[in-house]
Amino acid sequence: MKVSVIGAGYVGLTTGLCLADVGHQVICIDKNEEKIKELNKGNPVIFEEKMQETLKRVLKKGNFKASTQYSDILNTEITFIAVDTPVDENGEMKLTNLENAVRELGTVLKNKKSYHIVVVKSTVIPGTTKDLVIPVLEKYSGQKVPEEFGVCMNPEFLREGKSIEDFINPGRVIIGEVKQDRRAGDKLVELYEDFPSRYVVMRTGLTEAEMIKFANNSFLATRVSFANEIGNICDILGIDGHVVLEGMTLDPRFGKSHLQPGPPYGGSCLPKDIKGLITKANQVGYEPVLLESVEKVNEKQKGRIIAKAEKVLGSLHKKKIAVLGLAFKPGSDDVRFSPGIEVIKGLISNGAEVVTYDPMAMENAKKIVGNLAQFANSIEEALGNADCCIITTEWEHFRNIESEFNLMKEKNVIDVFKIIGPTKSKELNLNYHLI
Ligand code: NAD
């Protein structure tokens, strides 16, 4: 099939590359000219496992092209919209990028004579596809849904760091469709059939599909805050919260994911989606008491890492602290709402001198932290003069760095993700602290 994708970020690029890899002809449209140039040269710009080699492969096969020109969409049958949908300072989801993309898409579709399918992949507040996407498309294209073009809402659940793997093995595919119109959804089902993995397809209304994404992320965030609340109570009672949560997750009804005490949730999705849903709920007259608490626990958890540093070091003023890990999760270079960046901000505001290192996310972090922290070229350089080290990303890389940790002998190490563990920390002779 001939496919176009608007937005070449984590979701859009993953969608485009995976579809191109199974033989579809894909064109990725983005407004960022620099990104488009790099993509066509074989540089994905973002770091994700398997992304570089997949891009090289699909370029070689001639299945993938990147462009800034919306007119290239004319040549395709189906368009995925995967632009970013951040929240503003009031917690409301900003739909400007989506609206601009839809307007330009509609203008292009005006010149298209054959049936076209538009798939919303961006996370959008329930009602957006029906009340914004469809009316704008109809207005600018002069065509009607479902006769002249079809619309689906197909939320994405991939995990950053594992985006390619998750896209190919989705587990479930949710397809939201316009009432009484199966044509667009049928085509989407057909498109995904090229992925050999087993997955469940659920077909539903547009708003239900939009809401499933929010319910999903709200539940994950709730689990994180639950684990932190139990962990914090354990901490005060002198109980090892990690052992408690581990024991709890042995119950087959729970599963292990997002139930580790220590780190607050971060990244580009959970914080903004929870905030967006809280704001929407309040706007329609419902007080989302549980979700507001989830967010409150998370905010406090960020402070607990700084509080732990103060507990072990006393005043942080002029203390030299190494922060290992800037990506919000391993396997990614995304630093949006990452615990590492939050910790650096907290340390600096308390007068500490911060040196930091991450195997992948240094360039993105520099754009946020600037010269407030020193960026080291290696773990060794980061730990060299440090009074304390705080590990803030669960990089596999940090698990196996015994020689470098010799530099921290008898010094304080705060391990937010428990990646060293008490046994190994004893062998390394560290003053070891968990959150
Ligand atoms: P991103 O910021 O990485 O990428 C968005 C891209 O869209 C950017 O390259 C930007 O230049 C481009 N863009 C913005 N407006 C445009 C326009 N009008 N025309 C063309 N290009 C435009 O975003 P992302 O992380 O890929 O997220 C995209 C959407 O998917 C969001 O709604 C997000 O909530 C959702 N989502 C993200 C993830 C994730 O793990 N990142 C997972 C599931 C869902």
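Residues numbered from 1 in each chain as written. Predicted model: local features only at pLDDT ≥ 70, side-chain atom pairs only at ≥ 80, totals over all residues. Heavy atoms only, no water.

A. Broad picture of the pairing of strand 14 (residues 431-434). Sheet analysis places strand 13 (residues 412-415) next to strand 14, joined by four bridges and oriented parallel. The residue of strand 14 that forms the bridge with Asn412 is Asn431. (Pairing = 2+ DSSP bridges. Helix = DSSP H or I, 4+ residues; strand = E, 2+ residues; numbered from the N terminus.)

B. Broad picture of empty space enclosed by the protein. One pass over the full model with this rule turns up one cavity of 30 Å³ or more. By volume, the largest cavity is sized at about 40 Å³. Lining of the largest cavity is provided by Phe398, Arg399, Ile401, Glu402, Phe405, Ile420, Lys424 and Leu428. Of all the elements in the fold, those that place two or more residues in the lining of the largest cavity are helix 15 (396-399) and helix 16 (402-405). Its residues assigned to classes, the lining of the largest cavity comprises five nonpolar, no polar and three charged. (1 Å grid on protein atoms, 1.4 Å probe; cavity = no way out; pocket = protein on both sides within 12 Å on 5 of 7 lines; lining within 4 Å. Points joined across faces, edges and corners; volume = space filled by probe spheres on them. Nonpolar A, V, L, I, M, F, W, Y, C, P; charged D, E, K, R; others polar.)

C. Seen up close, the domain arrangement of the chain. Structurally, the chain comprises domain 1 (2-198) and domain 2 (217-434). Each of domain 1 and domain 2 was reduced to a C-alpha centroid, and the two centroids are 33 Å apart. On the side of domain 2, 20 residues touch domain 1, which itself brings 18 residues to the contact. For the pairing of domain 1 and domain 2, the buried interface totals around 1400 Å² over both sides, and the portion due to carbon and sulfur atoms is 56%. (Domains from an automatic or database assignment. Contact = heavy atoms within 4.5 Å. Buried area = accessible area lost by both parts, 1.4 Å probe.)

D. Expanded view of the sheet that holds strand 14. Taking strand neighbours across the sheet as the criterion, the six strands line up as 11-10-9-12-13-14 in an open arrangement whose pairing is parallel. Edge positions in the sheet fall to strand 11 (374-375) and strand 14, since each has one partner strand and no second. Sheet topology note: the strand 9 (residues 320-324)/strand 10 (residues 353-357) ladder contains five bridges and is parallel. Within strand 10, the position partnered with Ile321 by the bridge is Val354. Contacts from helix 12 (residues 339-349) reach strand 9, strand 10 and strand 12 (388-391), with the element oriented near 170° to strand 9. (Axes fitted to C-alpha atoms, helices over the stretch in contact; angles between N-to-C directions.)

E. Fine view of the sheet that holds strand 6 (residues 149-153). Pairing in this open sheet of eight strands is mixed, and the strands run 3-2-1-4-5-6-7-8 from one edge to the other. On the outer flanks of this sheet lie strand 3 (64-67) and strand 8 (200-205), each paired with one strand and no other. Looking at each pair of strands side by side, their axes are set apart by 25° on average, direction ignored. Here strand 4 (residues 78-81) runs beside strand 5 (residues 116-120); their pairing, made up of four bridges, is parallel.

F. Representation of the site of the ligand. Neighbouring the ligand are 26 residues; Asp30, Lys35, Thr85, Glu160 and Lys272 lie closest to it. In the environment of the ligand, an oxygen atom lies 2.6 Å from a nitrogen or oxygen atom belonging to the side chain of Lys35. Interatomic distance of 3.4 Å between a backbone N/O atom of Asn97 and a nitrogen atom of the ligand. Look at the ligand: alone it shows 830 Å² of surface, and the protein chains cover 93% of it. When contributions to the shell around the ligand are tallied by element, the ones reaching two or more residues are helix 1 (10-21) and helix 4 (96-109). (Near = heavy atom within 4 Å. Polar contact = N/O pair within 3.5 Å; in protein donor to acceptor, adjacent residues only side chain to side chain. Areas by Shrake-Rupley, 256 points an atom, 1.4 Å probe, with all protein chains shown as cover.)

G. View of the packing of helix 10 (residues 270-283) against helix 11 (residues 289-313). At a minimum axis distance of 10 Å, the contact between helix 10 and helix 11 shows a crossing angle of 145°. In this structure, helix 10 crosses over helix 11, and the sense of that crossing is left-handed. Contacts from Ile274, Lys275, Leu277, Ile278 and Asn282 of helix 10 reach helix 11 at Leu291, Glu292 and Glu295. Taken together, the residues that form the contact of helix 10 with helix 11 break down as four nonpolar, one polar and three charged. (Left-handed = near helix turned anticlockwise from the far one by under 90°.)

H. Main features of the pattern of salt bridges. As enumerated under the stated definition, the model contains 25 salt bridges in all. Taking the shortest distance from any N to any O, the salt bridge between Arg336 and Asp334 comes out at 3.1 Å. Between Glu394 and Arg399 there is a salt bridge, and its shortest N-O distance comes to 3.8 Å. Glu394 gets classed as partly exposed once you look at its relative accessible area, which sits at 26%. Overlapping salt bridges, with partners in common, bring together Glu177, Arg182, Asp186 and Arg203 in one network. (Salt bridge = Lys/Arg side-chain N within 4 Å of Asp/Glu carboxyl O. Buried < 20%, exposed > 50% of the residue type's maximum accessible area, 1.4 Å probe, protein only.)

I. Representation of the nonpolar core in the model. Core analysis: the biggest nonpolar cluster contains 51 residues, and Leu324, Leu347, Ile390 and Phe405 have the highest contact counts within it. If sequence neighbours within four positions are ignored, Leu324 has contacts with Tyr357, Ile379, Ala382, Leu383, Cys389, Ile390, Ile391, Thr392, Thr393, Phe398, Ile401 and Phe405. In this structure, Ile73, Met93, Val118 and Met153 belong to the second largest nonpolar core, which totals 44 residues. (Core = buried A, V, L, I, M, F, W, Y, C linked by side-chain atoms within 4.5 Å.)

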